[in-house]
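Chain and residue survey
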Amino acid sequence: MVLSLNKLDTDWWRQAAIYQIYPRSFKDSNGDGLGDINGITSKVAYLKSLSLDAVWLSPFYPSALADGGYDVSDYRNVDPRLGTLEDFDQMVTALHNNNIRVFVDIVPNHSSDQHAWFQEALASKPGSRARDRYIFRDGKGKNGELPPNDWVSHFAPSAWTRSKNSDGTPGQWYLHLFAPEQPDFNWDNREVQLDFLKTLKFWADRGVDGFRIDVAHALKKDMSKINKSYPKLKGFDITDKGNDILFDRNEVHEIYREWRKLFNEYNPPRVAVAEAYVMAKRRMLYARPDELGQAFNFDLLVAPYDAKTFKRIIKDNIKLAKTEGSSSTWVLNNHDKVRHATKYGLPKNADLNQWLLSDGKDIPLNRAQGSKRARAASMLTMALPGCVYIYQGEELGLFEVEDLQHQDLQDPNWIRNVEIKSQRTFFKKEGKTIKGVAVVHTEKGRDGCRVPLPWTSSGRSFGFGSADAHLPQPSWFAEHSVQSQTGVNESTLELYRMALALRAKYQSTEEIEWIKTGDPEVLHFKRENSWHCVMNFGGATYTLPAGEILVTSAPIKGRSLPKDTCAWIMAPQ
Ligand code: GLC
């Protein structure tokens, strides 16, 4: 493998700019409506124009797509609809030749129900070795017709699905914290542990530089507590003792310590980042140097646009990262959440799910405000010490696509979160009155931030590919396309290009110093090299400090920083 990357730089990940690619929606090279690996390779020059240190690819493995690829049927292969392993190797080479490293997504909590091991488990007897790789249990009730307990899944309702024996009769139940098509592995099983080491080695040997670990906090469960009730999934309120039945158990760290030993066999050592929705201080346990090394901080991702909240989050996270010798991470968008340009264009307390369910009709979206605030907030996070994670399309200023039609939705969050409202609804079909039920979806899901990127301002799928995109793109994508923004000074794309290039140039130590502004709406900090970042969230116009104005998120007059604007200044040292 050609490597122009600096192999001696073992700290490259500490302050990197990492771009998340959702492969099926990035660029379609073969006209089947799905983005693919060759599509990514064809856009390396674009990625380079963003001065990135790395890209992270959401799953591209063979998958029945019950959960956007997070239901993996074969961990050591490429979905044939997305390409081949040779295509993958070529993509890695092309990225490495352009100094861009590669992260892949590892999904260890569950596989797809199409995975060979799960199929083998279904065909095998209760108590068999094949079943022990997953979590099968007998049901309750006279004939085992009731689930073993009341545990719930993220894609509601029950976390248990009854399997069928090979002769078609109903059999045992299996656990899935997500969709029924995503059976959970039994992480007490050594074969499972060894197989994931094999997967990590497989990709690391192919030149992959880092791994993003999906639901890293869920792998170990206390199945001795199967009789305990757990009717509601906990979020950040999981106990801080490491003894919850399902999440963030202390034993999970043994797994990552073993992974770290493998990562350190490589030069430079492979890196990893945990997706762990747990309390902030517990999150850092995953980031310990003898474990994954880094953990996502999702605090800004879920925070409102508010100066005080931002400041608190920034301060806390910089401090927290240091406790375990890690660096901070900053995330404003990902494939699971409403895009920040939309969030900031809605009232602070808006219920985003309800708004999506109304197809964006129940509250008007202030696009100009959302976009202005999103640009400013992005610049703020790019100036912070640590890693900045950028989700594809945010550099184009994309909004959430709020009005996807029901028949187009793919997310299990939409499909599975339903309530049966009435058993007595009658409706007419072909002249007959039929008794039925009204099914009401309670979550719109995450498809609105996963709509394929617009590369050109016209064409069947705005240059995404030659066929219709797998999720329909709205007409307003035209003005957000790469083509319409390239070379346009005030476009969001050119702002990201400029800011990321300056960030790479002026990157400094991991320290920041806060400067008093006298206005709680204005945040001002500087890095050790006198690189200043000033952001006015909503206060009166603020006078910028002396020095060269490097870039501003919106045009300013003289040295006055208006609200919803961020500026970077290089002050005289
Ligand atoms: C993570 C992924 C999400 C997926 C879930 C189950 O939270 O980010 O997209 O649905 O894990 O794998």
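Keep in mind it's a predicted model, so treat the numbers as computed, not measured. (Residues numbered from 1 in each chain as written. Predicted model: local features only at pLDDT ≥ 70, side-chain atom pairs only at ≥ 80, totals over all residues. Heavy atoms only, no water.)

1. Points about the overall build of the protein
The condition is simple: The numbering of helices and of strands both runs from the N terminus, where a helix is a DSSP run of H or I of at least 4 residues and a strand a run of E of at least 2. C-alpha atoms define the radius of gyration, and 2.2 Å times the number of residues to the power 0.38 defines the globule rule. Each residue is placed in one exposure class: buried if its accessible area under a 1.4 Å probe, protein chains only, is under 20% of its type's maximum, exposed if it is over 50%, and partly exposed if it falls in between. Note on contacts: a residue pair qualifies if any of its non-hydrogen atoms lie within 4.5 Å across the two residues. Only the protein chains shown count as cover for residues, and all accessible areas are computed by the Shrake-Rupley method using a 1.4 Å probe. Charged-residue counts in this description rest on Lys and Arg as positive and Asp and Glu as negative, His and the chain ends being excluded. Think of each charge as sitting on NZ of Lys, CZ of Arg, CG of Asp or CD of Glu.
A tally of regular secondary structure across the protein gives 14 helices and 20 strands. Taken over the C-alpha trace, the protein has a radius of gyration of 24 Å; the compact-globule value for 573 residues is 25 Å, and the two agree within 12%. Dimensions of the protein, computed from C-alpha atoms along their principal axes, come out at roughly 80 × 65 × 45 Å. Taken over 573 residues, the protein has a buried fraction of 59%. Look at the contacts in the protein between residues 6 or more apart in sequence, and 67% of them connect residues 24 or more apart. Surface summary for the protein: the accessible area is close to 22,700 Å², and the carbon and sulfur share equals 51%. Here the protein holds 74 positive side-chain charges and 72 negative ones, and the gap between their average locations is 3 Å.

2. A closer look at the sheet that holds strand β6 (residues 170–175)
We count it as follows: Strand pairing is assigned whenever DSSP identifies at least 2 bridges connecting the two strands.
Strand order in the open sheet made by the 3 strands is β4-β6-β5, with antiparallel pairing throughout. Each of the sheet's edge strands pairs with one partner strand only, and the pair in question is β4 (136–137) and β5 (160–164). As paired elements, β5 and β6 share 4 bridges and run antiparallel to each other. Paired with Trp160 across the bridge in β6 is Leu175.

3. Overview of the domain arrangement of the protein
Put simply, the rule is: Domain limits in this description derive from either an automatic procedure or a database domain assignment. Buried area counts how much accessible surface, traced with a 1.4 Å probe, disappears from two parts once they are put together, with both parts' losses summed. By salt bridge we mean one thing: a side-chain nitrogen of Lys or Arg within 4 Å of a carboxyl oxygen of Asp or Glu. For the purposes of these results, a polar contact is taken to be a pair of N or O atoms within 3.5 Å, where, inside protein, one atom must be able to donate a hydrogen and its partner to accept one; residues adjacent in sequence count only when each atom of the pair is a side-chain atom. Note that Gly is not counted as nonpolar here; it falls among the polar residues with everything else outside the nonpolar set of Ala, Val, Leu, Ile, Met, Phe, Trp, Tyr, Cys and Pro and the charged set of Asp, Glu, Lys and Arg.
Domain annotation of the protein identifies domain 1 (12–110 + 190–408 + 447–497), domain 2 (116–175), domain 3 (413–441) and domain 4 (509–570). For domain 1 and domain 4, the distance between their C-alpha centroids amounts to 28 Å. Contact residues are listed per partner, giving 26 residues for domain 1 and 26 residues for domain 4. Between domain 1 and domain 4, roughly 2,200 Å² of surface is buried when both sides are summed, and carbon and sulfur atoms account for 68% of that area. Run the count over domain 1 and domain 4 and you get 3 salt bridges. Across the domain 1-domain 4 interface, the total number found is 9 residue pairs in polar contact (both at pLDDT 80 or more). Per-element tally for the side of domain 1 that touches domain 4: the top contributor is helix α11 (residues 367–382), with 8 residues. The residue makeup of the side of domain 1 that touches domain 4, split by class, is 14 nonpolar, 3 polar and 9 charged.

4. Quick look at unusual backbone geometry
Excluding glycine, residues mostly carry a negative phi; peptide bonds, for their part, are mostly trans. The residue after Asn267, namely Pro268, is reached through a cis peptide bond having omega -5°. Structurally, the position occupied by Pro268 is in the loop between α6 (252–263) and β8 (271–274). Positive phi, normally seen in glycine, also occurs at Asn99, with a value near 65°. As for its placement among the helices and strands, Asn99 is situated in the loop between α3 (85–97) and β3 (101–106).

5. A short note on the pairing of strand β20 (residues 565–570)
One face of the sheet, then the other: side chains in a regular strand alternate in exactly this way. Among the 6 residues that make up β20, 6 are buried, leaving the element largely enclosed by the rest of the structure. Along β20, one buried face is formed by Thr565, Ala567 and Ile569 and the opposite face, lined by Cys566, Trp568 and Met570, is buried too. Alignment of strand β16 (residues 531–536) against β20, held across 6 bridges, turns out to be antiparallel. Across the sheet, the residue bridging to Asn536 is Thr565, located in β20.

6. A few points about the side chain of Asp209
The topology assignment puts Asp209 in the loop between α5 (190–205) and β7 (210–213). For the buried Asp209, which has no salt bridge, the nearest side chain bearing the opposite charge is Arg101, at an N-O separation of 4.3 Å. A polar contact is formed between the side chain of Asp209 and the backbone nitrogen of Val102, at a distance of 2.8 Å. What Asp209 contacts, discounting residues up to four positions off in sequence, is Leu5, Trp12, His96, Arg101, Val102, Arg270 and Val271.

7. Focus: the pattern of salt bridges
If you walk through the whole model with that rule in mind, you get 36 salt bridges. Of the charged contacts, one joins Glu291 and Arg257 as a salt bridge, the two residues approaching to 3.1 Å between their closest N and O atoms. With Glu291 in the loop between α7 (280–286) and β9 (293–295) and Arg257 in helix α6, the pair connects residues that are 34 residues apart, well separated along the chain. Residue class for Glu291 comes out buried when judged on its relative accessible area of 0%. Residue Lys444 pairs with Asp359 through a salt bridge whose shortest N-O separation is 2.8 Å. In this pair, Lys444 sits in the loop between β13 (432–441) and α13 (482–485) while Asp359 sits in the loop between α10 (352–357) and α11, placing the two residues 85 residues apart along the sequence. Lys444 sits in the buried class, given a relative accessible area of 4%. Owing to a relative accessible area of 17%, Asp359 belongs among the buried residues under this scheme. By sharing partners, the salt bridges in this structure join Asp67, Asp336, Asp411, Arg446 and Arg450 into a single network.

8. Some words on helix α8 (residues 307–323)
Note the cut-off: Here the expected span of a helix is defined as 1.5 Å times the quantity of residues minus one.
Helix length check: α8 (17 residues) gives 25 Å between terminal C-alpha atoms against 24 Å at 1.5 Å per residue, within 8%. The inward-facing, buried residues of α8 contact α7, β10 (329–331), α11, β14 (512–514) and β15 (522–527). Directly beyond the C-terminal end of α8, a positive phi value near 75° is found at Gly325.

9. Section: the site of the ligand
In plain terms, the rule: Neighbouring residues are identified by heavy atoms, a residue being near a molecule or strand if any of them is within 4 Å of it.
Around the ligand, the structure places 13 residues, and the nearest of them are Asp67, Asp214, Glu275, His335 and Asp336. The side chain of Glu275 places a nitrogen or oxygen atom 2.7 Å from an oxygen atom of the ligand. Within the side chain of His335, a nitrogen or oxygen atom sits 2.9 Å from an oxygen atom of the ligand. Broken down by class, the residue content of the shell around the ligand amounts to 3 nonpolar, 3 polar and 7 charged.

10. Observations regarding the side chain of Arg212
Take Arg212: it is sitting in strand β7. For Arg212, a relative accessible area of 1% gives the class buried. Within polar-contact distance, the side chain of Arg212 engages the side chain of Asp214 at 2.8 Å. Setting aside its immediate chain neighbours within four residues, Arg212 contacts Trp56, Tyr70, Phe103, Val104, Asp105, Ile106, Val273, Glu275, Phe296 and His335.

11. Examining the sheet that holds β16
The condition is simple: To obtain each axis, a line is fitted to C-alpha atoms, and for helices this fit is confined to the stretch in contact; angles are then taken between N-to-C directions over 0 to 180 degrees.
Spatially, β14-β15-β16-β20-β18 is the arrangement adopted by the 5 strands of the open sheet, whose pairing is antiparallel. Looking at which strands have only one partner, the edges of the open sheet turn out to be β14 and β18 (548–552). Strand-to-strand twist of the sheet, defined as the mean angle between neighbouring strand axes without regard to direction, takes the value 25°. Here 4 bridges tie β18 to β20, and the two strands are oriented antiparallel to one another. For Glu548, the partnering residue across the bridge sits in β20 and is Met570. Strands β16, β18 and β20 of the sheet are contacted by helix α14 (residues 492–506), whose axis makes an angle of about 135° with β18.

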